[in-house]
Amino acid sequence: MGRKYSKTEIVREIKHPEIEHIFVFPSKEEAARATAERIAEIINQKPNSSIVFATGETMIPVYSYLATSVDQDGVDFSKTTGFHLDEYFPCAPSEEHSFVKYLRKWVWGPLGITRFYEINGLAQNPRAEAARYNRLLKDHPVELAILGIGPWSPETNTGGHIGFNERGTPFTAETHLAKLDKATISRDRDERGQNTPDMAITLGIANILSAKNIFLVAYGRNKGKSLRESLLKHIHPLRPASALRLQGRKVSIFIDREAASQLSL
Ligand code: GLP
């Protein structure tokens with residue numbers, strides 16, 4: 001209770017039998033800032049790290065705080081190597097929802113990352129593209145994977161993806177072409193008004209679990225429901241994020257109070 005974590009105050013830490021840390025912060029901003037502080041610590045300790053960057057709205061404040069640390073505190077990403085977590089398919093970098101576009105805007109430039117590998121969302125053969133990306137990951141053992149979590153859909157009673165690993169994805173899957181779940185398509189098209197495709201290339205759960213450290217960030221009640229399903233029910237491929245519990249000692253979860261309200265353990 002009330003212990004200091006870097007500069008940002010934690011409201012409390014939720015205990016979980018498998019997950020190393022579940023840190024709760026008073027607000028989304030503080031959760032994002034604490035995540036950025038912890039990422040900066042890892043980069044300061046291991047400047048040559050390979051990092052997997054999630055995209056999505058959740059990460060925008062995290063990456064914004066990190067960009068400020070680069071500018072003001074001298075955090076140095078120049079020796080790191082950057083990877084995507086996932087990309088829509090087919091998808092050109094010029095499209096509004098493109099994760100390549102997002103990474104160029106929020107990550108590579110602002111953090112000063114010059115060595116990065118992008119998923120080609122226009123590859124003629126998406127399975128070959130997934131295999132190419134998987135080989136790159138094998139050549140660069142990942143120090144840190146930064147994840148969000150997919151929304152929970154009460155209508156379909158599904159959701160909670162990590163990367164674009166939707167329900168039913170085997171935990172042994174590596175980088176692959178994935179079919180998006182209805183919950184994801186509805187979020188993107190109905191709620192966000194995006195013209196997204198039905199498919200994506202995503203790191204598999206096995207790639208994510210092989211990272212040395214895994215950070216997951218989530219805000220709000222809906223994401224709290226996804227976490228609830230993943231952390232409190234049985235570990236099962238129907239709940240993709242439940243796989244994180246298999247490597248729980250590597251996992252830190254950063255959430256706001258609203259997400260935590262769904263997690264009475
Ligand atoms: C997206 C991506 C992930 C992201 C997650 C949460 O669709 N597959 O990279 O972490 O879902 O996205 P958001 O933060 O926009 O809610």
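Residue indices begin from 1 for each chain and proceed along its sequence in written order. Confidence filtering applies because this is a predicted model: local features only for residues at pLDDT of at least 70, side-chain atom pairs given and counted only at 80 or more, and all residues used for totals across whole chains, interfaces and linings. Hydrogen atoms and water are omitted, and side-chain values are computed over all heavy atoms in the structure.

*Asks:* Looking at this structure, how should I read the environment of Glu-9?
*Replies:* By secondary structure assignment, the location of Glu-9 is in strand 2 (residues 8-9). On the basis of relative accessibility, which here comes to 30%, the residue Glu-9 falls in the partly exposed class. Placed 25 residues apart in sequence, Glu-9 and Ala-34 show a C-alpha to C-alpha distance of 8.2 Å. Only DSSP runs of H or I with at least four residues qualify as helices, and only runs of E with at least two residues qualify as strands; both kinds are numbered from the N terminus onward. Only protein chains enter the calculation, and the probe is 1.4 Å; a residue is then buried if its accessible area is under 20% of its type maximum, exposed if over 50%, and partly exposed in between.

*Asks:* What exactly am I supposed to notice about the sheet that holds strand 13 (residues 199-202) here?
*Replies:* The strands that make up a sheet are held in pairs by hydrogen bonds between backbone atoms, and each pair lies either parallel or antiparallel. Should DSSP find at least two bridges between two strands, the strands are taken to pair. Within the open sheet, the three strands sit side by side as 7-13-12. Their pairing is antiparallel. One side of each edge strand has no neighbouring strand; the edge strands of this open sheet are strand 7 (86-89) and strand 12 (176-179). Averaged over all pairs of adjacent strands, the angle between their axes in this sheet comes to 30°, without regard to strand direction. With four bridges connecting them, strand 12 and strand 13 associate as antiparallel partners. By the bridge assignment for strand 13, Lys-179 is matched with Met-199. Helix axes are fitted to C-alpha atoms over the stretch in contact, other axes to C-alpha atoms as well, and angles between N-to-C directions run from 0 to 180 degrees.

*Asks:* What's the story with the packing of helix 1 (residues 28-45) against helix 2 (residues 59-73) in this structure? I'm lost.
*Replies:* Any two packed helices are characterised by how steeply their axes cross, that is the angle between the axes, and by the distance between the axes. Packing of helix 1 against helix 2 brings their axes to within 8 Å, and their N-to-C directions diverge by 50°. When the interaxial angle is binned, helix 1 and helix 2 end up oblique. Of the two elements, helix 1 crosses helix 2, and the hand of that crossing is right-handed. Note on element contacts: helix 2 touches helix 1 through Pro-61, Val-62, Tyr-65 and Leu-66, opposite Lys-28, Glu-29, Ala-32, Arg-33, Thr-35, Ala-36, Ile-39 and Ala-40. With respect to orientation, any angle under 35 degrees is reported as roughly parallel, any angle over 145 as roughly antiparallel, any angle of 65 to 115 as roughly perpendicular, and every other angle as oblique. By convention the crossing between two helices is left-handed if the near helix lies anticlockwise of the far one by an angle smaller than a right angle, and right-handed if it lies clockwise. The contact rule is simple, with two residues in contact once any of their heavy atoms fall within 4.5 Å.

*Asks:* Quick question: what am I supposed to make of the confidence of the model for the protein chain here?
*Replies:* pLDDT measures how confident the predictor is about each residue, on a scale from 0 to 100. Overall, the prediction assigns the protein chain a mean pLDDT of 95, with 97% of residues at 70 or greater. Below pLDDT 50 for its whole length, residues 1-5 participates in 16 contacts with residues either more than four positions away or in separate chains.

*Asks:* Sorry, what's going on with the site of the ligand here?
*Replies:* Here a residue counts as near a molecule or strand whenever at least one of its heavy atoms sits within 4 Å of it. The full set close to the ligand counts 15 residues, and Glu-57, Thr-58, Asp-86, Arg-187 and Lys-223 are the nearest of them. Between the ligand and the protein, one listed contact pairs a nitrogen atom with a backbone N or O atom of Gly-163 at 3.1 Å. Polar contacts, as counted here, are pairs of nitrogen or oxygen atoms within 3.5 Å of one another; within protein the pair requires one atom able to donate a hydrogen and one able to accept it, and residues that are adjacent in sequence qualify only if both atoms are side-chain atoms. Contact between the ligand and Arg-192: an oxygen atom at 2.9 Å from a side-chain N or O atom of the residue. Relative to its unbound accessible surface of 390 Å², the ligand loses 98% to contact with the protein. The residue inventory of the shell around the ligand, partitioned by class, reads four nonpolar, six polar and five charged. Note that accessible areas follow from Shrake-Rupley with a 1.4 Å probe, and for residues the cover is restricted to the protein chains shown. Polar here means any residue other than Ala, Val, Leu, Ile, Met, Phe, Trp, Tyr, Cys and Pro, which are nonpolar, and Asp, Glu, Lys and Arg, which are charged; Gly is therefore polar.

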